[in-house]
Structure formats: C-alpha cells, structure tokens
Amino acid sequence: MKRHPKALPLHVAISGAVAVAVTVTWAVTGGGYFWPGWILLVLAYLLLQHGMLWRWRNRPADFFLQLDWVLVNGAFLFVAAFVMVPLGGDGMVIRGVIYGALFGGPIGLVAWLLQARFSSRGAKQLEERIGELTRTRRGALDVQADELRRIERDIHDGAQARLVALSMQLGRAEEDLEDQPEAAQLVRQARGQASAAIAELRALARGIAPPVLADRGLAAAVEALAAYSATPVDVEAGVDRRLPLVIESAAYFVVAESLTNVAKHADGATAQVSLRLRDDALMVEVADNGPGGADPDGGGLSGMRRRVEALDGSLILVSAAGQGTTVQAELPCE
Amino acid sequence: MRVVIAEDHALLREGIVAVLRENQIDVVAQAEDADGLLRIISGHKPDLAIVDVRLPPTFTDEGVRAAIEARERHPEVGILILSQYVEPIYTAELLAGGQSGIGYLLKGRVGDVPEFLDAVRRVADGGTALDREVVSELMQTRSKADDEPLDALTPREREVLALMAEGRTNAAIAEAMVVTPGAVEKHISHIFSKLDLSASDDDHRRVLAVLTFLRANGEARD
C-alpha cells in the first residue's frame, strides 16, 4: 500500500484549520448551541483512523489488530458522546448512552470491516512482494553462478590459451637458439615467466569456478576435494543427480572452506563429509574429531553462513571444546 | 611416429603441430571435436593421439570421454591428454581399463620441448607420462589414505614410484633424488616385490607398478 510520508501531518494541519474556522464562525454568528462540536467530532474521528493506520502499519493483520481497532473506536465515540451531551443540554447520562450506542456501534463495525479489508489486501501484497524478492534474488544468484563460469571459460580460452601458445613459441625459439647459449637462456627465463603466469591463472580460474564441479557435478568434485585435502577425509556422497549450479557451488564452497579450516585448526584430525539429498533440500555436513571450540564469527564461517543464507538455507556450527567440530548446512532446492 | 591431434583452439593446435613437425614427428590428422577425433583415429590408426580435455560442443570433458571410447576401440593407440588443469580424476578414469600408453600433461609443458617430446615418445611406446603436478597431488592423497598394496612402501620407495609414474628413467630418478643409479634399482626391486610383481619382463613390471599406484587412486574415488 502506498502512503505519502507527509500525509498524516497534512491531515492534522487541515483538520486544525477547519476546526479553527468553524469555531470562529460559531463565535462570530453569536454563539448559542455549539453546533461546530459535531464537525470537530467528525474531524477527530477521521484523524484517529488515520493515526491508527499509521501507528499500526507494520502489524500483522490478525484478530488482535481488529480488536484493538474496535476498542479504540468504541472508547473514542463513547467519550465523545459524553463531551457532546453537556453542550446540548439536559439528560446527559441517557443521551450519552444513546449517542455512544448510535455512533460507536455502526461506525466501529464499519471501521472493523474496512480495516479487515485493507489489512488483508496489505498482507496479500506483502506476500506477493516476498515471493517476487525471493524469485529475483535467486535469479540474481543463478546469473552470478553462470557469470563466474563464463569468466572461468574466458580465462581458459583467452589469456591462459594465449600464454600457453606463447610458451610453445618460446620453447621452439629456445630449440632454434642451441648455438647461442646466452640468447637461449633469456628465452628460457621468458618461458619461466610465462609458465608462472599460467600457473597463477590456473589457480585463479580454479578458485572462481572449479572445472571438475561443472564437468562432473557435486559428488565428484567433493570427492576430488577430499582426495587433495591435507587431512584424511571420508566422503559419503548421497547425491545422484545434477542440482542447480548455484546450489552445487554453495555446497562445494562449504565443504572446501570446512576442510581448509580442519587442516588449519585441527592438525592431525580426520574429517567426514556427507552429502544427502532430501525431497526439498541438500544437507551438507562436515565433521572432524579435532579440538573443537571454533569461533562462529570467524571469517571462514561467516562467509559460509552468508553464502548459505543467500539461498534461504541455514548453517549450524557445533563445536564444543574437546568435542570436535561439525558444520551442517541445509540448502533448499525445489 | 604418426600422431593425430584433437584441439579446438587453433592457436594451440598450430603450436603443438609446429613443435612436433620441427622434431620430425608426423602429424597425420587434426580434429576440432570429439567426433572428429574418433574418426581420425579409426581412419589413420596412429601411434598416438594428443587430446585436449575440453572440446566442443559443451567444453567440459568431452576429450577424456572420447579418449576412453577411442581406447576401447583401438587399445594400441597411445593417448596423451593435454589440459590446462590438474585433474587426476581424469587420469584415473583413463587408466581404469588397466592398459598403459596413457599420458596426462598440463598444456604449459609443451613449451619445454625436450620434456614434451620425451613424453610423446614414451606414451606412443606404451609407457606413461604424468605431469609432475598430477603425481604430486596423487602422492599427497596416497600418503594419508590406507591403500593396502602401497602401504607397505617406505617414503623413499613412494618417491621412486612417483618419479616412475612421471615416466622417468632410472638414471633420471637417481639424478632427481641425488642417489646412485644402483640405489634406485634397489628401491625399484623392493617396490616390485612388495607389489607382488615378479614377472620377468622388467619394462612391463614398471608399467604395472605405476598402474597399481594409479589404480589405488582410482578406487579411492569410486
């Protein structure tokens, strides 16, 4: 629901101006029965509605909101009736009750119905908005995963391939320079530089989007990770199909980070990695028998948590001192 | 020696062809994709196929898949895989059949012409040539997992076996480890006996030892 930020102050100002105008008019025309009281009542009632709308704009539209609405309206009209009656003359208790019932009842009821309609419309809009945000966020992450893959390919087919071709040409030049050892030495050094650049690009590209992940899927990539990890790792990979790239990347990232942490902080420990696919979510677990006591806000862990939460997943860390460390991530995948 | 090449990147294909031709190796055919590779292997029956891991249309691991298929149809053709990445998982897959004549090198190694030519000749002759980075990753894996046949080896013997897997000769292993060739021979005979390789043909035992080493790795992944 769109609201102008200045709507309520403007409403108050206009109401004030009208109230002053009618009161002045009443005074100028000789006083007597205070008829502007009725106008003031209506103005106050409208202001009250506007005020409640503003005050409760973020409350869920449930039974209690409607109850509050009715109670406030009823109280207002009941008090208003008692204020109006003395201005009108005698029999104030009886007339107060009659006015209170006459105004309070129907107006409260109408207000309740209006409110129920507005708030359910608001809730529906909120729901639609959340759905839209979830979709677009997921879309953005999918695009990002594809982009990273594209960058990896660009490096592979572009700069890396050119450097490899350069290294081949330098190698051939080196062969031709057999009879000029000094020149051959220079060329050999240049080839060494090219090889170092190739190695750096290789590490970079592998970090951006591990080729084995895209080629062979999560289970194979995690097994490769485990195989090259500095710690002995047992893998139980219960994933027999390809998942969206963004989910696979996040799961791979969690396993890679966790195994890096094991190697860094739990020297001599062994680790167990398990991947399980449920109907609606991928469960990733990395457990070690190291010293435990991991910092939940450490750089590695908070990075993992951000990445998992961006996919509406959750990450749990269990790491009591002396009990080893377990990282569990749940990644929803429809 | 007759060689075919499957590489989709023109610059690299031309580079490899130039290196080979300048060294009197006959490049009989070239392909740009997996189907082309299978066709030229069937058509030319080369001694060796040099294959890029990534080939069209999906640019993932078609090269490895095509090489495995070519292996099944023509077991006598040596396969030398070139890649820009170290992925021992592909080597393990290629070796799953238990044959020799398999190589896996990083593309950057082609620039080291003598080493590259050495690998080309070795694989064409039925030997192995594994990139030293692949071997070092495999060794790192092996040193911590429990593989029964390899468990019996001492660290020194593992080192020798790793160098054998790269395809080095006894003299080259001796040089790399700064020991005498006699010491290397002793290590190798220990490796053979610990791996139960008592066959008479020394070259074949060498290949089998390396295969044991690599297969242990392949099984660890299954």
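Residues numbered from 1 in each chain as written. Chains lettered and ligands numbered in written order. Predicted model: local features only at pLDDT ≥ 70, side-chain atom pairs only at ≥ 80, totals over all residues. Heavy atoms only, no water.

Asker: Explanation requested: helix α2 (residues 36-55) of chain A in the structure shown.
Answerer: Residues that lie three or four places apart on an α-helix share one face, since the helix turns once every 3.6 residues. When the terminal C-alpha atoms of α2 of chain A are compared, their 28 Å separation across 20 residues agrees well with the 28 Å that a helix rising 1.5 Å per residue should span. For α2 of chain A, the set of buried residues is Pro36, Gly37, Leu41, Leu43, Tyr45, Gln49 and Met52 of chain A. (Helix = DSSP H or I, 4+ residues; strand = E, 2+ residues; numbered from the N terminus. Expected span 1.5 Å × (residues − 1). Buried < 20%, exposed > 50% of the residue type's maximum accessible area, 1.4 Å probe, protein only.)

Asker: It is not clear to me how the interface of chain B and chain A should be interpreted in this structure. Could you clarify?
Answerer: A common measure of how large an interface is: the accessible area buried when the components associate. The interface of chain B with chain A comprises 38 residues on the first partner and 34 residues on the second. Summing both sides of the interface, chain B and chain A together bury roughly 3,300 Å²; the carbon and sulfur share of this comes to 49%. Where chain B packs against chain A, one counts four salt bridges. Taking the shortest distance from any N to any O, the salt bridge between arginine 202 of chain A and glutamate 133 of chain B comes out at 3.0 Å. On inspection of chain B and its partner chain A, the count reaches ten residue pairs in polar contact (both at pLDDT 80 or more). Broken down by secondary-structure element, the contributors of at least two residues to the side of chain B that touches chain A are α1 (10-22), α3 (62-73), α4 (88-94), α5 (113-124) and α6 (132-142) of chain B. Per element, the largest residue contribution to the side of chain B that touches chain A is seven residues, and it comes from α1 of chain B. (Contact = heavy atoms within 4.5 Å. Buried area = accessible area lost by both parts, 1.4 Å probe. Salt bridge = Lys/Arg side-chain N within 4 Å of Asp/Glu carboxyl O. Polar contact = N/O pair within 3.5 Å; in protein donor to acceptor, adjacent residues only side chain to side chain.)

Asker: I would appreciate a short explanation of the pairing of strand β3 (residues 281-288) of chain A in the present structure.
Answerer: Every other side chain in a regular strand lies on the same face of the sheet, so the side chains alternate between the two faces. Residues and elements named next belong to chain A. Most of β3 sits out of view: seven of its eight residues are buried. Here strand β2 (residues 271-277) pairs with β3 via seven bridges, running antiparallel. Bridge assignment links arginine 276 to a residue of β3, and that residue is methionine 283. Between β2 and the antiparallel strand that follows it, β3, lie three residues. Here β3 pairs with strand β5 (residues 325-332) via eight bridges, running antiparallel. Counterpart to alanine 281 in the pairing with β5 is proline 332. (Pairing = 2+ DSSP bridges.)

Asker: What is the right way to look at the nonpolar core in this model?
Answerer: In summary, soluble globular proteins display a tendency toward joint burial of nonpolar side chains. If you look at the biggest cluster of nonpolar residues, it comprises 90 residues, and the most contacted ones within it are Leu282, Val284 and Leu331 of chain A together with Met164 of chain B. Ranked by size, the runner-up nonpolar core spans 33 residues in total, among them Ala165 of chain A together with Leu20, Leu82 and Phe116 of chain B. (Core = buried A, V, L, I, M, F, W, Y, C linked by side-chain atoms within 4.5 Å.)

Asker: What exactly am I supposed to notice about the packing of helix α2 (residues 34-44) of chain B against α3 of chain B here?
Answerer: Relative placement of two packed helices is described by the angle separating their axes and the distance separating the axes. Residue and element names in this part refer to chain B. Close contact between α2 and α3 brings their axes to 9 Å; oriented N to C, the two are set at 25°. Taken together, α2 and α3 sit at an angle that is classed as roughly parallel. In this structure, α2 meets α3 at a crossing whose hand is right-handed. Here Ala34, Leu37, Leu38, Ile41 and Ser42 of α2 lie close against α3, whose contacting residues are Glu62, Ala66, Ala67, Glu69, Ala70 and Arg73. (Axes fitted to C-alpha atoms, helices over the stretch in contact; angles between N-to-C directions. Parallel < 35°, antiparallel > 145°, perpendicular 65-115°, else oblique. Left-handed = near helix turned anticlockwise from the far one by under 90°.)

Asker: Looking at this model, I keep getting lost on the packing of α1 of chain B against α5 of chain B. Mind explaining?
Answerer: All names here are of chain B. As a packed pair, α1 and α5 sit with axes 11 Å apart at the nearest point and diverge in direction by 80°. Between α1 and α5, the angle falls in the class roughly perpendicular. Residues Ile16, Val19 and Leu20 of α1 touch α5, and the partners they reach there are Val113, Phe116, Leu117 and Val120. The residue inventory of the contact of α1 with α5, partitioned by class, reads seven nonpolar, no polar and no charged. (Nonpolar A, V, L, I, M, F, W, Y, C, P; charged D, E, K, R; others polar.)

Asker: In this structure, what is going on with the pairing of strand β4 (residues 314-318) of chain A? I would like to understand it.
Answerer: Residues of β4 of chain A alternate between two faces, with Leu315 and Leu317 of chain A buried on one and Ser314, Ile316 and Val318 of chain A left unburied on the opposite face. The turn joining β4 of chain A and β5 of chain A, which pair antiparallel and follow one another in sequence, is formed by six residues; a positive phi near 85° is taken by glycine 322 of chain A.

Asker: Please explain the sheet that holds strand β6 (residues 128-130) of chain B as it appears in this structure.
Answerer: In a beta sheet, neighbouring strands are held together by backbone hydrogen bonds and run either parallel or antiparallel to one another. Residues and elements named next belong to chain B. Judged by pairing direction, the sheet is parallel, and its six strands sit side by side in the order β2-β1-β3-β4-β5-β6 without closing on themselves. Lying at the two open borders of the sheet, with one neighbouring strand each, are β2 (26-31) and β6. For this sheet, the mean angle separating the axes of adjacent strands, direction not counted, is 20°. Relative to β2, α1 is tilted by about 165°, and along the sheet it contacts β1 (2-6), β2, β3 (48-52) and β4 (78-83). Sheet contacts for α3: β3, β4 and β5 (102-106); angle to β4, the most-contacted strand, approximately 175°.

Asker: Looking at this model, I keep getting lost on α5 of chain B. Mind explaining?
Answerer: Its twelve residues give α5 of chain B an end-to-end C-alpha distance of 16 Å, which sits within 8% of 16 Å, the value for a rise of 1.5 Å per residue. Backbone geometry just after α5 of chain B places glycine 126 of chain B at a positive phi near 95°.

Asker: In this structure, what is going on with the sheet that holds strand β1 (residues 233-238) of chain A? I would like to understand it.
Answerer: Residues and elements named next belong to chain A. The strand order across the open sheet formed by five strands is β1-β2-β3-β5-β4, and the pairing between neighbours is mixed. The two strands at the open ends of the sheet, each matched to only one other strand, are β1 and β4. Along the sheet, successive strands turn relative to each other by an average axial angle of 10°, direction set aside. Taken strand by strand, helix α7 (residues 245-265) contacts β1, β2, β3, β4 and β5, and its axis lies near 5° from that of β3.

Asker: Which parts of the structure should I look at to understand a nonpolar patch on the surface?
Answerer: On the surface, Leu10, Ile14, Val18, Tyr33, Trp35 and Ile39 of chain A cluster together into a nonpolar patch covering about 530 Å² of accessible area. Tallying contributions element by element places helix α1 (residues 7-28) of chain A first for the nonpolar patch, with three residues. (Patch = residues over 30% accessible without salt bridge, like charges linked within 9 Å, V, L, I, M, F, W, Y side chains within 5 Å. Areas by Shrake-Rupley, 256 points an atom, 1.4 Å probe, with all protein chains shown as cover.)

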